Each structure stands twice: as structure tokens, then as C-alpha cells.
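Structural features, examined
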Amino acid sequence: MRYSYTQISQYLTCPRRYRHRYLDGWREKDTRAAMLFGRAFESALAAFFRREDSAAVLFREWSGCRGQDLQYPKGDTWDRMLQQGIQLLERFCQDGRVRIRQPQRNLQVKVTRSISPNHEFVAYIDAIGYLDGRHCLLEWKTTSSRYPEEPEGLLALDPQLVCYSWITGIAEVAQVVFVRKRLVEVQYLRTSITDGQRQEFGQLVEDTIHRIESAQFLPHSGIRFPQNPCSTCPYIGLCLGRRDLVDAALVRRPGAEDLGWLDELTY
Ligand code: SF4
């Protein structure tokens, strides 16, 4: 059985949500423009490191979404996002702070770790390279608002970075955040993950897998205003028994009923 960060994180967000997605086969429809743009932008970044025309790759990939009935963040349009993406690529290139040697090997790096004879954990790291000359693990993020940088040390608590540090054994980690706003910005955020954090994360993975395999899927989303995760959860239609909300947000993976795809890793 293979596990990924997304699976563990979905379970920790709400075990019921994990069941809807991984056991019952419900998936969110790919109609979020921001998410699709993020994928197109990552392809463009890969092209940049391969010394190809990254703007052309962004245009090509993002054109695949043109004309689709997508949900755009407030005030955004297909054209505006493309323009911001090109400006971000230019800014990133001008900054020249990130270096990736042998991009074929060091981009989208697959790393696996055995947890037990029957369990394996797998991750795809965006890049392993250098930020300002220092070797580190890198994650790309596209967003419409800046990532918070205060209080100092906040980034070291990022669970995805801790996970990737745990699976690779690399202590130095960084996020490169591409902020789509009126004046685009690239944030370069770096931190170190300690041995203690990596050990704790390993225990968290083992504990979570144990709970998943014990079929513990009680909902514990938290229901308090204003940070009620249910209000933004794509699976709310299932939890409320509302067919209209299910149809609007979800599709069911064909053949999910037979559970035969449980061994297949999904992100
Ligand atoms: S709607 Fe709430 S209870 Fe239901 S899966 Fe989502 S977070 Fe969990």
C-alpha cells in the first residue's frame, strides 16, 4: 500500500473527507482556474530550467484551459492570469536566485521511503537545487496573495516542507511563491527542519496509517465560526446529503465501488 503527503494531509484535515475521496472515489471537478493555472505555470518553470521558451510553454499549457467553464478567483480572467504568469517568469529570471543542476534529474524528483514491509511512502519534490547558492529542497507555489512571513520561523511549521524533509533527509528547505497580484512578486522563503521534526513526522505518518487501516473515519472538521473547514470543503454535499452540491463540485471515479484502485497512488 502506498501513501502520499496528500493522503495523510486529507486524513488529518478530516477523516470523513479522506473516506469520501480515497475509499468512495469522489473527486473534485477540475474547474478551479487557479489550480489549473498553477499546473500550467509549473510546466513553464520546468521549461525555464531546461532553457526552453517558458512563456511559450505557459501560453500553450494555459491555452488548453481557454474557453472552459472555469471558476476564476474574483477579478481574474484567462488573459489577466496569462499576463501575470509571464511577468512572474520574467521577474524570476531577472532575480536569478534559484539554480537547478541537471534539471532532467532534479525537477519533479520522485522519492520513496519504506515504512513497513507492506507500506511505502512516495513524494514528488518540485526541485532539488540551490537558492542563493545554498543547497536545498524547493517547492513552487502560485497564489493570489502573499504568504505570511511573520512571526519569524513560521515556515518551519509547514507540514508539507516537514514531510519532504523527512522523506529526503534534506534539512534545508524553501518555498518559492509566485504571487499574482497587481504588481507581481516572487517570495523566496527558506528555513531548516530539525531532526526532531522529521522524527515526529515519521511517527505522525505511522499513527495516521494505523488509523486509516483501522477504518477510523469519523468526521472532525471543527464547526466553529469563522474557520469552519466544512464551508470550503468540496465534499460538503455528501455530508449534507445534497445532490445538487455533489453534482456541482464532484465526480465519482469510474469503478470506485470495487475499491480495486486503493493500491493506486493519487495526488
Ligand atoms: S464537509 Fe466537513 S465533515 Fe464533511 S468531509 Fe468536509 S470537512 Fe469533513
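Let me begin by describing the structure that accompanies this report. In this text, all values refer to a predicted model and were calculated from it rather than measured experimentally.

Of regular secondary structure, the protein chain possesses ten helices and nine strands. Against the compact-globule benchmark of 18 Å for 267 residues, the protein chain has a radius of gyration of 19 Å, which places it among compact chains. A principal-axis box enclosing the C-alpha atoms of the protein chain has dimensions of 50 × 45 × 35 Å. Going through the 267 residues of the protein chain one by one, you find that 43% of them count as buried.

Another aspect to go through is the nonpolar core. Residues Trp62, Phe92, Val98, Leu138, Trp140, Val176 and Phe178 are the most contacted members of the largest nonpolar core, which totals 33 residues. For this core, the elements supplying multiple residues, two or more each, are helix H3 (33-49), helix H4 (54-63), helix H5 (78-95), strand E5 (119-131), strand E6 (134-143), strand E7 (172-179) and strand E8 (185-192). Looking at which element gives the most residues to this core, the answer is H3, with nine residues. The residues contacting Val98, other than those within four sequence positions of it, are Phe49, Phe92, Tyr130, Leu131, Leu138, Trp140, Val176 and Tyr188.

On inspection of all chains with the given rule, the structure shows 19 salt bridges. For Arg32, the salt bridge identified is with Glu28, shortest N-O distance 3.4 Å. Taking the relative accessible area as the measure of exposure, Glu28 reaches 26% and is therefore partly exposed. Across the pair Arg134 and Glu172 runs a salt bridge whose closest N-O atoms are separated by 3.0 Å. Placement of Arg134 in strand E6 and of Glu172 in strand E7 is noted, with a sequence separation of 38 residues between them. Given the relative accessible area of 44%, Arg134 is considered partly exposed. Overlapping salt bridges bring together Arg146, Glu149, Lys181 and Glu185 as one network.

Of all eight residues that make up E8, six are buried, and the element is covered over most of its length. Pairing geometry for E7 and E8, over eight bridges, is antiparallel. Within the sheet, the bridge partner assigned to Gln175 lies in E8 and is Leu189. The turn linking E7 back onto E8 is made up of five residues.

Looking now at helix H1 (residues 5-13). Those residues of H1 not exposed but buried are Tyr5, Gln7, Ile8, Gln10 and Tyr11. Check the buried side of H1 and you find it contacts strand E1 (2-3), helix H2 (15-23), E5, helix H7 (159-168) and helix H8 (195-213).

Moving on to the packing of H1 against H2. Two quantities define a packed helix pair, namely the angle between the axes and the distance from one axis to the other. Running from N to C, H1 and H2 point in directions that differ by 135°, and their axes come no closer than 5 Å. With respect to their mutual orientation, H1 and H2 come out oblique. For the pair H1 and H2, the contacting residues are Thr6, Gln7, Gln10, Tyr11 and Thr13 in the first and Pro15, Arg17, Tyr18, Arg21 and Tyr22 in the second. Residue classes in the contact of H1 with H2 are distributed as four nonpolar, four polar and two charged.

Within the local environment of Glu172, its side chain forms a polar contact with the side chain of Ser192, the two groups lying 2.5 Å apart. Leaving out residues up to four positions away in the same chain, Glu172 has contacts with Arg134, His135, Cys136, Leu137, Arg190, Thr191 and Ser192.

Conventions used here
Residues numbered from 1 in each chain as written. Predicted model: local features only at pLDDT ≥ 70, side-chain atom pairs only at ≥ 80, totals over all residues. Heavy atoms only, no water. Helix = DSSP H or I, 4+ residues; strand = E, 2+ residues; numbered from the N terminus. Rg over C-alpha atoms; globule rule 2.2 N^0.38 Å. Buried < 20%, exposed > 50% of the residue type's maximum accessible area, 1.4 Å probe, protein only. Core = buried A, V, L, I, M, F, W, Y, C linked by side-chain atoms within 4.5 Å. Contact = heavy atoms within 4.5 Å. Salt bridge = Lys/Arg side-chain N within 4 Å of Asp/Glu carboxyl O. Pairing = 2+ DSSP bridges. Axes fitted to C-alpha atoms, helices over the stretch in contact; angles between N-to-C directions. Parallel < 35°, antiparallel > 145°, perpendicular 65-115°, else oblique. Nonpolar A, V, L, I, M, F, W, Y, C, P; charged D, E, K, R; others polar. Polar contact = N/O pair within 3.5 Å; in protein donor to acceptor, adjacent residues only side chain to side chain.

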